[in-house]
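Structure at a glance
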Amino acid sequence: MSAIEARLKELGITLPDVAAPAANYVPYVVVGDMVYVSGQISMTSEGLTLGKVGADLTTEEGAAAAKTCAIGLLAALKAACDGDIDRLVRVVKLVGFVNSTPDFTDQPKVINGASDFLVEALGEKGRHARSAVSAGALPLGVAVEIEGIFQIA
Amino acid sequence: MSAIEARLKELGITLPDVAAPAANYVPYVVVGDMVYVSGQISMTSEGLTLGKVGADLTTEEGAAAAKTCAIGLLAALKAACDGDIDRLVRVVKLVGFVNSTPDFTDQPKVINGASDFLVEALGEKGRHARSAVSAGALPLGVAVEIEGIFQIA
Amino acid sequence: MSAIEARLKELGITLPDVAAPAANYVPYVVVGDMVYVSGQISMTSEGLTLGKVGADLTTEEGAAAAKTCAIGLLAALKAACDGDIDRLVRVVKLVGFVNSTPDFTDQPKVINGASDFLVEALGEKGRHARSAVSAGALPLGVAVEIEGIFQIA
């Protein structure tokens, strides 16, 4: 087991297999040492995390949803590394989209659910640039969608 | 005629000339072998494709609008390649913004209009990472805006 | 004083120090010659520029807010360059998110506040690819958030 996956196991997390693409896009593209991962929607093994933050979900529930997106990003990253996620050099950038009411203002606290998890799991290489905004709406009605760029060795 | 443009011709598509920039931004920037293309809004030679998907436009009409954004991306890409679009190595990533009602949930089906076209036109090198979200609103009231990153030789 | 900072001084602008990160993300990440800067929200030394463009703010006020985001991007860029912002090769791409009403359509004019400033301050190396969209809502209720990618030497 890789060092990163051992740490994830300590955190109670097993990376899911990456779903086969349902369309003409793919979970990730590797260019040189950069990995571009498709937007990951909030979901667990129990199903999708749905709803608008600020109405259907609290900020804390939104943050928990954002963490599941980050787990999805790591799962795709592992696949991009041919299974060896220890090839990660660092998380470069996230863009986090929150499905919220128009007057919601705590997007950073929601996306912190992803950022905090990445640093908890990956240490310094988990620190990243990011943007946190609300979308007008999200696929299937999920609460959060996050895309990521990673550097690998 | 390049191989890609010959294929586009089979699909009934001629790439438009890239509009001169109307402001202090440009249609694309090339850094090394990467091309960053500005967000392309839904339009045809007939004019802009306007409206909110889920209210003014159906999902299918939204997908048709997304295809026109992808054509705009290829037109900018051709210019970035000094006219030789066969220099394309692969489509790396799209971010698709849908102008929709707040309760719309079929953003992936809308942006598939772009993804499906790119694979139809470009084959395997058309497959890409992507995010599909709704915007709160879009420039001029267009239905879709898509930005792209491409790798060229 | 660097040439770029001398030019900024002519424009009456002093780059602020970059705020220490309040969370597990960082203001910028450098990968090779590329700098990814986190989304900068509209603010001045007087405080945040708040409100929805099209309701609380005019398009012109939105453009002024966008300019403050661009100043924030340059401040982070300077830090990424270890203080020597003249290492900038060019501004590569911006994504500008406008906090607007759902029927607002002048996102490009708002984000021009950033694009025009960058070219005024940086000349040709200030020209960039970009996307301009509305967000559903923005952090703390700010009017504009802009993220950027830069190439440095």
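Keep in mind it's a predicted model, so treat the numbers as computed, not measured.

Glancing now at the relation of the copies chain B and chain C. Superposition of the two copies of the chain requires a rotation about an axis and a shift along the axis. The two copies are related by a screw motion: chain B maps onto chain C through a turn of 120° and a shift of 0.0 Å along the axis, at an RMSD of 0.0 Å. This pairing of chains is accounted for by a three-fold axis. Proximity to the rotation axis, assessed at the C-alpha, singles out G136 of chain B in chain B; its C-alpha lies 2.5 Å from the axis. Little of the interface of chain B is mirrored in chain C: 10% of its interface residues are interface residues there too.

Right, let's get into the confidence of the model for chain A. Interpreting fine coordinate detail is not advised for predicted regions of low pLDDT. When the pLDDT values of chain A are averaged, the result is 96; 99% of them are 70 or greater. Reported confidence for the predicted complex is 0.96 by ipTM and 0.97 by pTM.

Turning our eyes to something else, we now look at the nonpolar core. Of all hydrophobic cores here, the largest spans 165 residues; its most connected members are L77 of chain A, L77 of chain B together with L77 of chain C. The contact partners of L77 of chain B, leaving out residues within four places of it in the chain, are V35, V37, I85, L88 and F150 of chain B.

Residue and element names in this part refer to chain B. Counting buried positions over the nine residues of strand β7 (residues 144-152) gives seven, a clear majority of the element. Here strand β2 (residues 34-41) runs beside β7; their pairing, made up of six bridges, is antiparallel. Counted as the bridge partner of V35 is F150 from β7.

With that settled, consider the relation of the copies chain A and chain C. By a simple turn and slide, chain A fits onto chain C: the slide is 0.0 Å along the axis, the RMSD is 0.0 Å, and the turn is 120°. Little of the interface of chain A is mirrored in chain C, where only 8% of its interface residues are also at the interface.

So, how was this worked out
Residues numbered from 1 in each chain as written. Chains lettered and ligands numbered in written order. Predicted model: local features only at pLDDT ≥ 70, side-chain atom pairs only at ≥ 80, totals over all residues. Least-squares fit on C-alpha atoms with pLDDT ≥ 70 in both. Contact = placed C-beta atoms within 7 Å. pLDDT = per-residue confidence, 0-100. Core = buried A, V, L, I, M, F, W, Y, C linked by C-beta atoms within 7 Å. Buried ≥ 20, exposed ≤ 12 C-beta atoms within 10 Å, placed from the backbone. Helix = DSSP H or I, 4+ residues; strand = E, 2+ residues; numbered from the N terminus. Pairing = 2+ DSSP bridges.

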